[in-house]
Amino acid sequence: MVGITYYLIRERRLGKAQEDGYFLFDNGEWSPDERNVILDHLMGFDPSDDSFYGFGNAQIMDEMEELTEEQAIAFMNQEA
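Below or above, wherever it landed, is the structure these notes cover. None of the values given here were measured: they were computed from a predicted structure.

1. Quick look at the nonpolar core
Among the nonpolar cores identified, the biggest contains eight residues, and these are Tyr6, Leu8, Leu14, Phe25, Leu67, Ala72, Phe75 and Met76. The set of elements that each furnish at least two residues to this core consists of β1 (5–9) and α3 (69–79). Top contributing element to this core by residue count: α3, with three residues. Those residues in contact with Leu8 that sit more than four places away from it in its chain are Arg13, Leu14, Glu63, Met64, Glu65, Leu67 and Phe75.

Quick look at the structure:
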């Protein structure tokens with residue numbers, strides 16, 4: 001992974017991926033994504049599907065979009 005990739009999850013939660021892990025923006029601060037929210041969306045993990053096939057759900061993957069750094073900064077400023 002090179003640089004930082006920003007994500008907007010479900011049009012309301014900001015996340016980022018960088019070399020040392022995945023982070024979520026909450027209450028004006030970045031904190032580690034300990035619940036794997038970003039990875040679950042990247043892999044399309046559907047927690048309601050009890051089978052092995054709970055991965056690859058396109059609807060879950062579509063709940064997250066990649067943002068530019070400028071878009072992420074604007075979102076952070078909006079949240080402040």
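2. A word on the pairing of β1
The element β1 is extensively covered by neighbouring structure, given that five of its five residues are classed as buried. What you see with β1 is no split at all: Thr5, Tyr7 and Ile9 on one side and Tyr6 and Leu8 on the other are buried throughout. With five bridges joining them, β1 and strand β2 (residues 13–18) adopt antiparallel strand pairing. Each residue of the ladder has a partner; that of Leu8, found in β2, is Leu14. From the end of β1 to the start of β2, which pair antiparallel, there are three residues, and Arg10 there has a positive phi angle of about 55 degrees. Strand direction decides the pairing type here: β1 and strand β5 (residues 64–67), joined by four bridges, are antiparallel. What sits directly across from Tyr7, in β5, is Glu66.

3. Brief notes about the pattern of salt bridges
Between side chains of opposite charge, pairing is possible as soon as their charged atoms come close. Per the stated rule, a full pass over the model turns up two salt bridges. With a shortest N-O distance of 2.9 Å, Glu63 and Arg10 are connected by a salt bridge. Pair noted here: Glu63 is in the loop between α2 (58–61) and β5 and Arg10 is in the loop between β1 and β2, with a separation of 53 residues, a long-range link. Notably, a salt bridge pairs Arg13 with Asp26, separated by 3.0 Å at the nearest N-O pair. Linking Arg13 in strand β2 with Asp26 in strand β3 (residues 21–26), this pair joins segments that are 13 residues apart in sequence.

4. What about the sheet that holds β1?
Strand pairs in the sheet, formed through backbone hydrogen bonds, run parallel or antiparallel to each other. Across the sheet, which stays open at both edges, the five strands sit in the order β4-β3-β2-β1-β5 with antiparallel pairing between neighbours. In this open sheet, the two strands that pair with only one neighbour each are β4 (29–32) and β5. Sheet twist, expressed as the mean angle between neighbouring strand axes with direction ignored, is 30 degrees.

5. Here we look at unusual backbone geometry
For Glu11, which is not a glycine, the phi torsion comes out positive at approximately 60 degrees. Within the secondary structure, Glu11 is located in the loop between β1 and β2. A positive phi is found at Asn36, a non-glycine position, where the angle reads about 60 degrees. With respect to the helices, strands and loops of the structure, Asn36 is situated in the loop between β4 and α1 (37–43).

Calculation criteria
Residues take numbers from 1 onward in each chain, read along the sequence in its written order. Two thresholds apply to this predicted model, a pLDDT of at least 70 for residue-level local features and 80 or more for giving and counting side-chain atom pairs, whereas whole-chain, interface and lining totals are computed over all residues. As a rule here, side-chain values cover all heavy atoms of the structure and leave hydrogens and water aside. As used here, the term nonpolar core means buried Ala, Val, Leu, Ile, Met, Phe, Trp, Tyr and Cys residues forming a set that is joined through side-chain atoms within 4.5 Å. Classification of residues uses two cut-offs on accessible area relative to the type maximum, computed with a 1.4 Å probe and protein chains only: under 20% is buried, over 50% is exposed, and between them is partly exposed. A run of DSSP states H or I qualifies as a helix once it reaches four residues; a run of E qualifies as a strand once it reaches two. Both are numbered from the N-terminal end. The criterion used for residue contact is that any of the two residues' heavy atoms lie within 4.5 Å. A pair of strands is considered paired only if DSSP assigns at least 2 bridges between the two. Should a side-chain nitrogen of Lys or Arg be within 4 Å of a carboxyl oxygen of Asp or Glu, the pair is scored as a salt bridge. Orientation is described by axes fitted as lines to C-alpha atoms, over the contacting stretch for helices, and by angles from 0 to 180 degrees between their N-to-C directions.

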